[in-house]
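Coordinates in review
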Amino acid sequence: MHKPRNLTATVESTSYQVERHERLASGAIRKALEEPDNPHQYSLLEVPSHLARGLLQRYARGDSPDLLRRHFHGDYLPLLQQAADLSAKLFPDHRLRLHADQTASWMLLFALVCFDDEGAHVAHLDNWFTPDGNPVLFAMVRKAFAPGERYPADLDIEHKAMPHEEQLVGALLQPPATWPHAFAAYMKQWPRLMKDYGYREQVEEGKSAFDYFPLHLGLAVCAFDVDDSAFRHLPYYPHELVDHYRAHVRLARDAWRSCVLDPGEGLPDTAKPKPRKDYVLSKAEAYARWIELVCGEQPVLIDAARQALGKRKTMPPIDRLTETLAPRGLALHADLKDDAALATQATALCKVWQLPATAFANTAQQGAAAATTMLNALQDCADVNARRLAVFDGGGDNWNALLYSYHHEAEFTTLCEQLGLKRLDRSQWQ
């Protein structure tokens, strides 16, 4: 085992995460085998996510490419196949795949690219990843390894698995001669780009590990044969996986790729970065005004929110922000399946916004289905009372939502756009 690639975690703490995710995956399979007549084996649907996250943590722990390869073929693939077979019987209308907008999807794609010697898996990536909500960069990279694929017509530049992917999309739409410089600039900016996500290069007691690796950059390097000599030495860059691909796969399985492919060919206009907009407010001013709107412009609530969020001028990740505001009745921040917590928070949110009390807990459903029903009820209630419900993609397993006034619809939309908040429409959180 090599030294940890995650500079903010110890081998012990990362190993714990490996064991946790793989235990959850194995436990779901074991339960389905022990209770074959129980149709409510929903934990099986999480197996692809847990296995991919476990693989990512193995990489973060410092496992060599050879160890990762051995685990992938010896443990990962058999477990996933077993889960898929069980799931097919219990949920015949559902294919067990990983959502491509999860951060760990880059780790699974890297494993397939590096360890699928014959190319049978890489040639059929739809067997591994869901076709909905594909991040644009993810689609560009996977198409380079499976040229028979076509870009989906509904690709949207807003879809991404990692923050700031759109910068690499923009770089790849420029002439190939510019790619090495653009990629180097991106990697050198990585500490600044990821500051709000906890970037650092040392373990700090009491702080969560920084779990974001620029695997998407490494895969783009492999996919488009980009010279990485100017940035391969930088922290967190996956140079070992890139080297493994170049040494064992590029001139063997992928020898058919004799020239650099054009990633922009056939790419829908909706998938291309939008022209930069000029905003009236600075980002600090936009963040301050956004807080005012989600507090209903009530001075007491605004002061309470600012005190809770601390003296900062930039917006924290939306998941962290809603987690801070939820105990004050200003937001929803609950696990996707925790309908009880969501009901409590929704009731408090209605009280703050003076909406009619709705019996959010009175539903025959449970878990995710009940949570979705409550969000629908909250949105309908808000719409009738000149309020709007905003549900955001926080990149995790939580509902992140809050209210604002209908009269500030245009302003709120502009502020969200400037602050880089990905707002989900109703069809996306159903």
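You'll find the structure just up there.
A brief look at the structure comes next. Sequence order sets the numbering: in each chain, residues are counted from 1 along the sequence as written. Since the coordinates come from a predicted model, pLDDT governs what is reported: local features require at least 70, and pairs of side-chain atoms require 80 or more to be given and counted, while whole-chain, interface and lining totals use all residues. Side-chain descriptors were evaluated using all non-hydrogen atoms of the structure, hydrogens and water having been removed beforehand.

**Points about the environment of Q202**
Under the DSSP-based scheme used, a helix requires at least four consecutive residues in state H or I and a strand at least two consecutive residues in state E, with every element numbered from the N terminus. One can find Q202 in the loop between α8 (190-193) and α9 (215-224). For Q202, a relative accessible area of 37% corresponds to the partly exposed category. Each C-alpha atom, one on Q202 and one on Q298, is 41 Å from the other, the two residues being 96 residues apart in sequence. Beyond its immediate sequence surroundings of up to four residues, Q202 is in contact with L7 and T8. Whenever a nitrogen or oxygen atom comes within 3.5 Å of another N or O atom, the pair is scored as a polar contact, on the condition that within protein one atom can donate a hydrogen and the other can accept it, and that pairs from neighbouring residues in sequence are kept only if both atoms are in side chains. There is a polar contact of 2.7 Å between the side chain of Q202 and the side chain of E204. For the exposure calls, accessible area comes from a 1.4 Å probe over protein chains only, and a residue counts as buried if that area is under 20% of its type's maximum, exposed if over 50%, partly exposed in between. A contact between two residues is defined here by any heavy atoms of the two lying within 4.5 Å.

**Some thoughts on the packing of aromatic side chains**
Ring geometry is summarised as follows: Phe, Tyr and Trp rings, the Trp one being its six-membered ring, pair when their centres sit within 6.5 Å, and such pairs are stacked at plane angles under 30 degrees, edge-to-face over 60 and tilted between the two. Applying the stated criterion across every chain yields a total of 19 aromatic pairs. Between F231 and Y237, the aromatic rings sit 5.2 Å apart at their centres with planes inclined by 80°, giving edge-to-face as the arrangement. With relative accessibility at 3%, the residue Y237 sits in the buried group. Of the aromatic side chains, those joined through ring pairs into one cluster are Y59, Y197, Y199, F210, Y212, F213 and Y236. A cation sits over an aromatic face here: K143 above Y151, 5.2 Å from the ring centre. Geometrically, a lysine NZ or arginine CZ counts as sitting over a ring once it is within 6 Å of the ring centre and also within 35 degrees of the ring normal.

**Details of the side chain of Q379**
Within the secondary structure layout, Q379 lies in helix α15 (residues 367-384). In this structure Q379 touches L389, R426 and W429, once residues within four positions along its chain are discounted.

**Quick notes on the nonpolar core**
By size, the foremost hydrophobic cluster in this structure holds 84 residues, and its most contacted members are W106, F129, V141 and F183. Per element, the largest residue contribution to this core is 10 residues, and it comes from helix α4 (residues 105-115). Excluding residues that lie within four positions of it along the chain, F129 makes contacts with R97, L98, A100, S105, L108, L109, L112, F138 and R142. The set of buried Ala, Val, Leu, Ile, Met, Phe, Trp, Tyr and Cys residues whose side-chain atoms join them within 4.5 Å is what this entry labels a nonpolar core. By size, the runner-up hydrophobic cluster in this structure holds 49 residues, among which are I318, M374, V391 and L402.

**What to know about the sheet that holds strand β1 (residues 332-335)**
Taken together, the 4 strands give an open sheet; going across it, the order is β1-β3-β2-β4, and neighbouring strands pair in antiparallel fashion. Strands at the two margins of the open sheet, each flanked by one partner only, are β1 and β4 (423-424). Any two strands between which DSSP finds at least two bridges are classified as paired. With 2 bridges joining them, strand β2 (residues 387-392) and β4 adopt antiparallel strand pairing. Bridging across to β4, F392 finds its partner in R423. Orientation is described by axes fitted as lines to C-alpha atoms, over the contacting stretch for helices, and by angles from 0 to 180 degrees between their N-to-C directions. Relative to the sheet, helix α14 (residues 339-352) contacts β1 and β3 (398-405), its axis offset from that of β1 by approximately 175°.

**Digging into the packing of helix α11 (residues 283-294) against helix α12 (residues 299-309)**
Axis separation between α11 and α12 bottoms out at 9 Å; the angle between their running directions is 130°. With respect to each other, α11 and α12 are oriented oblique. The hand of the α11/α12 crossing is right-handed. Each of Y287, A288, I291 and E292 in α11 lies in contact with α12, whose residues at this interface are I302, A305, R306 and L309. Gly counts as polar in this scheme, as do all residues outside two lists: the nonpolar Ala, Val, Leu, Ile, Met, Phe, Trp, Tyr, Cys and Pro, and the charged Asp, Glu, Lys and Arg. Residues belonging to the contact of α11 with α12 are distributed by class as follows: 6 nonpolar, no polar and 2 charged. Orientation categories follow fixed angle ranges, with anything under 35 degrees roughly parallel, anything over 145 roughly antiparallel, 65 to 115 roughly perpendicular, and all other angles oblique. By the definition used in this description, the sense in which the near helix is turned from the far one sets the handedness, with an anticlockwise turn below a right angle giving left-handed and a clockwise turn giving right-handed.

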